[in-house]
Amino acid sequence: MKVVRFHAPGDVRIENAPEPTPGPGEVKIRVRNCSTCGTDVKIWRFGHHHIDPPRVMGHEVAGEVTEVGAEVTGWQPGDRVQVIAAIPCGRCDQCRRGRMTVCPNQESIGYHYDGGFAQCMIVPAKVLAVDGLNRIPDGVSFAEASVTEPLACVLNGQELARVGEGDDVVVIGSGPIGCLHVRLARARGAARVTLVDLNRDRLDMAAALVAPDATICAAETDPVDAVLKLTDGAGADVVITAAASGAAQEQALQMVGRQGRISFFGGLPKDKPVIALDANLVHYRELTIVGANGSSPAHNKAALQLIASGAVPVADLITDRLPLENALEAFDIVSRGAGIKVTIEP
Ligand SMILES: [Zn+2]
Ligand SMILES: [Zn+2]
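Computed from a prediction, not measured in an experiment: that's the story for all the values here.

The rules behind these values
- Residues numbered from 1 in each chain as written.
- Chains lettered and ligands numbered in written order.
- Predicted model: local features only at pLDDT ≥ 70, side-chain atom pairs only at ≥ 80, totals over all residues.
- Heavy atoms only, no water.
- Buried < 20%, exposed > 50% of the residue type's maximum accessible area, 1.4 Å probe, protein only.
- Helix = DSSP H or I, 4+ residues; strand = E, 2+ residues; numbered from the N terminus.
- Pairing = 2+ DSSP bridges.
- Right-handed = clockwise from strand over helix to strand, strands pointing away.
- Donors = N, O, S within 2.8 Å, 3.2 Å for Na, K, Ca; no water.

(A) Quick look at the pairing of strand E12 (residues 192-197). The buried fraction of E12 amounts to five of the six residues, a majority that puts the element mostly inside the structure. As judged from the five bridges shared by strand E11 (residues 168-172) and E12, these two strands associate in the parallel manner. Its bridge partner lying in E12, Val169 is registered against Val193. Each parallel crossover has a hand, and for E11 linked through helix H6 (residues 176-187) to E12 it is right-handed. Across four bridges, E12 lies against strand E13 (residues 214-217) in parallel orientation. The partner of Leu195 across the bridge, within E13, is Thr215. In this view, the connection linking E12 to its parallel neighbour E13 by way of helix H7 (residues 200-210) has right-handed handedness.

(B) Looking closely at the coordination of the zinc ion (ligand 1). The coordination sphere of the zinc ion (ligand 1) contains the protein donors Cys37 (SG), His59 (NE2) and Glu60 (OE), at a distance range of 2.1 to 2.2 Å. Read from N- to C-terminus, the donor residues coordinating the zinc ion (ligand 1) fall into the pattern C-x21-H-E. Pair noted here: Cys37 is in the loop between strand E3 (27-35) and helix H1 (38-46) and His59 is in the loop between strand E4 (55-56) and strand E5 (60-68), with a separation of 22 residues, a long-range link. A residue is classified by how much of its surface remains accessible, and His59, at 6% relative accessible area, is buried.

Taken by themselves, the reported measurements are silent on function.
Given below as structure tokens:
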């Protein structure tokens, strides 16, 4: 079978590999769609400290069961499935308290285990142990199902930021994650959603798809002034930074209203993780600042349901479909921000 393997930073190869056989507790799938995201581009360029190469990349996986290992019950060939990306241990204190996204023993598909940029993939026993293999509902395509994982992460972020009915929500960053934040905020009853990006072309492309109530091009207008103007000086209820930008985080603090919530959804570059934060703004305005670290198996189930019910449509966000051989071209599209969701069909 063909696979996309990471060997070293800048060295990702399309290779032939023997088809894997599922061991006890494992399931083998024929991957139908594995979508790409900024993380794949980062791995391609810089590697990742959890990846011990060579490693098959790809973590937004949907496919079809072709073989089940010994001791596996409930799955059979032909079942259409979506796979979680972050695998919590299910046994530590954090997991037992229901905080699976911050499990210190967390492992990941495409990092600790060979991933979905391959014609076949083994679903590790640890995924099945935490109920991380989900049946794709009828009517949901493999491509749509492959967007479950990023949507699950977005759902985790909005739960932590308590996005809800009547909220005035600002999303900074109009990439695929920003688009999913706009759609999910609407589904959760937000009264107004404003999308902000520095790049005019990217903002226009995203806005044409997800139709936010307002857009702000941060290269043309000061986004803090613009949000304050939109909200008659009150500031937004929720600001989500879906960009790896310390400046965006600082702007979020300036544009959020009283008792507002800020989600630092996107992490910052490792060499630049410190921002300026006026602690008195947090204190007097009773602000809440939350992070977001991936998603739990339960978030994946809920996200797949949001897609299936039509509450969060994702089909139109898939702008590019490429065969496995063109994975590097796919990463390039992602890195240039030329598409929204770019999926590989191995
Ligand atoms: Zn991803
Ligand atoms: Zn754990």
